[in-house]
Amino acid sequence: MDQYFDIIIVGGGPAGLTAAVYARRAGKSVLLLERESFGGQIASSPKVENFPGLPAVSGAELAERLYSQAEALGTRIELEEALEIQSGTPSRVVTDYGAYTAGAVILATGMRRRTLGLAGEDRLAGISFCAVCDGAFYAGQDVAVAGGGSTALQDALYLADICRHVTVIHRRSDFRADPILVERAEKTANLTLLRSTVVEALEGSERLTGLTLRNTAVGEVSPLPVSALFQAVGLLPESRLARSLGVPVDEAGFIAVGEDCLTPIPGIFAAGDLRAKEVRQLTTACADGAVAALAACAGLVLGLPLLCLTPGHLLKNPYRPLGVPGGLCCSLHSSRRGGDFSVWAGSQETVHPMERRPPVFRRPPGVYLMAKVTETVTCCSPNSPPCATQ
């Protein structure tokens, strides 16, 4: 028989570990699953300087602190890969070692590294994605970093203290990194910034010996002898499990849910960098973890998963009858904060004030409502009178 947990968290990065801390402090049994290493992408960062309360700390140390805190609170942590999630009451998570069931599942699978897609990338020694992990192997040698974000420049500055010379290759004319990092890089004597430049080819038979570069502004092609290339060219969302569940994703593959972290699938939540949002930082990932955990805990307290309403709903105060617009109508029953309420799927998205109503969060593109759903949603014909609750 599958072991049951109140909450299963898939992903051991900052969002997942924060969710574990909040859920355990709420008294819930928690299982956290991670397939590779704990801490997520931040674990490979040489220095983190924008986490409140910690002016300067290595990513590895911060990841260790997050892990230790979640573990000390009683989170069961397993190094297993979640292969499949079967939504339901309860949901079932199948891993490469077994299966578990849970009242709620939080997807915090984060992102994976993007590659340059060059021939030889997967076989040549000297190709790395982690300056902290592999930088020492190239002490006193010439190396290159591909990328223009904060991670790329952090890696370059770290390598500049180890290597003879570091060349940063960025395809755009302007860097996307924090201005303070760009300023530091420009002042570092053994660090060169190449703008509007791309890597055309990797040189070497078994080990990397150099790069072929092309300046996109003038079309000039030139060689660059290096012993290693550290790639920091972006990340891709790990949304395979979400897709398999039918959770909507945007064009880039990010899970399309709001700040409340509720997905349209009851009992399934999304937190961290895989969620579609404008800002992806360590602090926002932790915030997502807290929000998702508290929402999952609220759903468990209420007895059933939270419901996410899509655009085009009208909330009707049952004590103040309102006109019913054209379209289907659906009736729900709730006891949260007292009183019942009805939901009407009409031709327009309208939210009407309701006495002692559940909290409503107006966030484009939809209306998200926390409610205890105690009955099956009933749908009636267009322009029908209010549906009777069952």
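Quick caveat: nothing in here was measured; it's all calculated off a predicted structure.

Draft legend 1. The packing of helix H4 (residues 150-160) against helix H5 (residues 179-187), seen in detail. Remark: H4 packs on H5, axes separated minimally by 10 Å, with the N-to-C direction vectors making an angle of 35 degrees. As H4 packs across H5, the resulting crossing turns out to be left-handed. Counted together, Ser 150, Leu 153, Gln 154 and Leu 157 of H4 and Leu 181, Val 182, Arg 184 and Ala 185 of H5 form the full contact between these two elements. Across the contact of H4 with H5, the residue classes break down as 5 nonpolar, 2 polar and 1 charged.

Draft legend 2. Expanded view of the pattern of salt bridges. Enumeration over the complete set of coordinates arrives at 15 salt bridges. Its salt-bridge partner being Glu 49, residue Arg 184 comes within 3.1 Å of it at the nearest N-O pair. Of this pair, Arg 184 sits in helix H5 while Glu 49 sits in the loop between strand E2 (30-33) and helix H2 (59-72), and the two are 135 residues apart along the sequence. For Arg 184, a relative accessible area of 34% translates into the label partly exposed. The class of Glu 49 is partly exposed, set by a relative accessible area of 37%. Glu 61 is paired through a salt bridge with Arg 65; the nearest N and O atoms lie 2.7 Å apart. Within this pair, Glu 61 and its partner Arg 65 are both found in helix H2, separated by 4 residues, close to a single helical turn. Overall, Glu 61 belongs to the partly exposed group, its relative accessible area being 36%. Salt bridges here are not isolated pairs; linked through shared partners, they connect Arg 35, Glu 36, Glu 81, Arg 112 and Glu 238.

Draft legend 3. How the structure looks around H4. All of the buried residues in H4 are Ala 152, Leu 153, Asp 155, Ala 156, Leu 157, Leu 159 and Ala 160. Where the residues of H4 are buried, they touch helix H3 (131-134), strand E9 (142-146), strand E10 (165-169), H5, strand E11 (191-194) and strand E15 (228-231).

Draft legend 4. Quick look at the environment of Glu 206. Of note, Glu 206 is situated in the loop between strand E12 (197-203) and strand E13 (210-215). Among the residues examined, Glu 206 registers a relative accessible area of 63% and is labelled exposed. As a C-alpha pair, Glu 206 and Ala 125 span 81 residues in sequence and 6.4 Å in three-dimensional space. Beyond its immediate chain neighbours, meaning those up to four positions away, Glu 206 contacts Arg 123, Leu 124 and Ala 125.

Draft legend 5. View of the sheet that holds E9. Reading across from one edge, E8-E15-E9-E10-E11 is the order of the 5 strands in this open sheet, with parallel pairing throughout. Strands with a single pairing partner mark the edges of an open sheet, and in this sheet they are strand E8 (127-128) and E11. Note: E9 against E10, 5 bridges, orientation parallel. Paired with Ala 146 across the bridge in E10 is Ile 169.

Draft legend 6. Structural context of the side chain of Thr 263. Along the chain, Thr 263 falls in the loop between helix H6 (240-245) and strand E17 (268-270). Of note is the side chain of Thr 263, whose polar atom sits 2.7 Å from the backbone oxygen of Ile 268.

Draft legend 7. Here's a closer look at the side chain of Thr 101. Counting through the fold element by element, Thr 101 comes out in strand E6 (residues 99-107). Excluding residues that lie within four positions of it along the chain, Thr 101 makes contacts with Asp 2, Gln 3, Tyr 4, Phe 5, Ile 8, Pro 90, Ser 91 and Arg 92.

Draft legend 8. Seen up close, unusual backbone geometry. Within the chain, Ser 196 stands out as a residue other than glycine whose phi angle is a positive 50 degrees. Mapping Ser 196 onto the fold places it in the loop between E11 and E12. Phi angles above zero are rare outside glycine, and Cys 261 is one such case at about 70 degrees.

Draft legend 9. Fine view of the packing of aromatic side chains. Tallied over the full model, the rule gives 3 aromatic pairs. Their ring planes at 65 degrees and their centres at 6.1 Å tell us that Phe 5 and Tyr 100 sit as a pair that is edge-to-face. Of this pair, Phe 5 sits in strand E1 (residues 3-10) while Tyr 100 sits in strand E6, and the two are 95 residues apart along the sequence. Neither Phe 5 nor Tyr 100 differs from the other in exposure class; each is buried. Taking the centre distance of 6.0 Å and the plane angle of 90 degrees together, the rings of Tyr 138 and Phe 230 count as edge-to-face. Linking Tyr 138 in the loop between H3 and E9 with Phe 230 in strand E15, this pair joins segments that are 92 residues apart in sequence.

Draft legend 10. Quick peek at a positive patch on the surface. The grouping of Arg 114, Arg 171, Arg 172 and Arg 176 at the surface amounts to a positive patch. As for its placement among the helices and strands, Arg 176 is situated in the loop between E10 and H5.

Draft legend 11. Structural view of the pairing of E6. A large share of E6 lies buried, amounting to 9 of its 9 residues. Direction of pairing for E1 relative to E6: parallel, over a ladder of 7 bridges. Within E6, the position partnered with Val 10 by the bridge is Leu 107. Once strand E5 (residues 91-95) ends, the chain turns through 3 residues before running back antiparallel as E6. Where E6 meets E17, 3 bridges bridge the pair, whose relative direction is parallel. Residue pairing across strands places Ile 106 opposite Phe 269, the latter belonging to E17.

Conventions and cut-offs
- Residues numbered from 1 in each chain as written.
- Predicted model: local features only at pLDDT ≥ 70, side-chain atom pairs only at ≥ 80, totals over all residues.
- Heavy atoms only, no water.
- Axes fitted to C-alpha atoms, helices over the stretch in contact; angles between N-to-C directions.
- Helix = DSSP H or I, 4+ residues; strand = E, 2+ residues; numbered from the N terminus.
- Left-handed = near helix turned anticlockwise from the far one by under 90°.
- Contact = heavy atoms within 4.5 Å.
- Nonpolar A, V, L, I, M, F, W, Y, C, P; charged D, E, K, R; others polar.
- Salt bridge = Lys/Arg side-chain N within 4 Å of Asp/Glu carboxyl O.
- Buried < 20%, exposed > 50% of the residue type's maximum accessible area, 1.4 Å probe, protein only.
- Pairing = 2+ DSSP bridges.
- Polar contact = N/O pair within 3.5 Å; in protein donor to acceptor, adjacent residues only side chain to side chain.
- Phe/Tyr/Trp six-rings, centres within 6.5 Å; stacked < 30°, edge-to-face > 60°.
- Patch = residues over 30% accessible without salt bridge, like charges linked within 9 Å, V, L, I, M, F, W, Y side chains within 5 Å.
- Areas by Shrake-Rupley, 256 points an atom, 1.4 Å probe, with all protein chains shown as cover.
- Lys, Arg positive; Asp, Glu negative; His and termini not counted.
- Charge placed at Lys NZ, Arg CZ, Asp CG, Glu CD.

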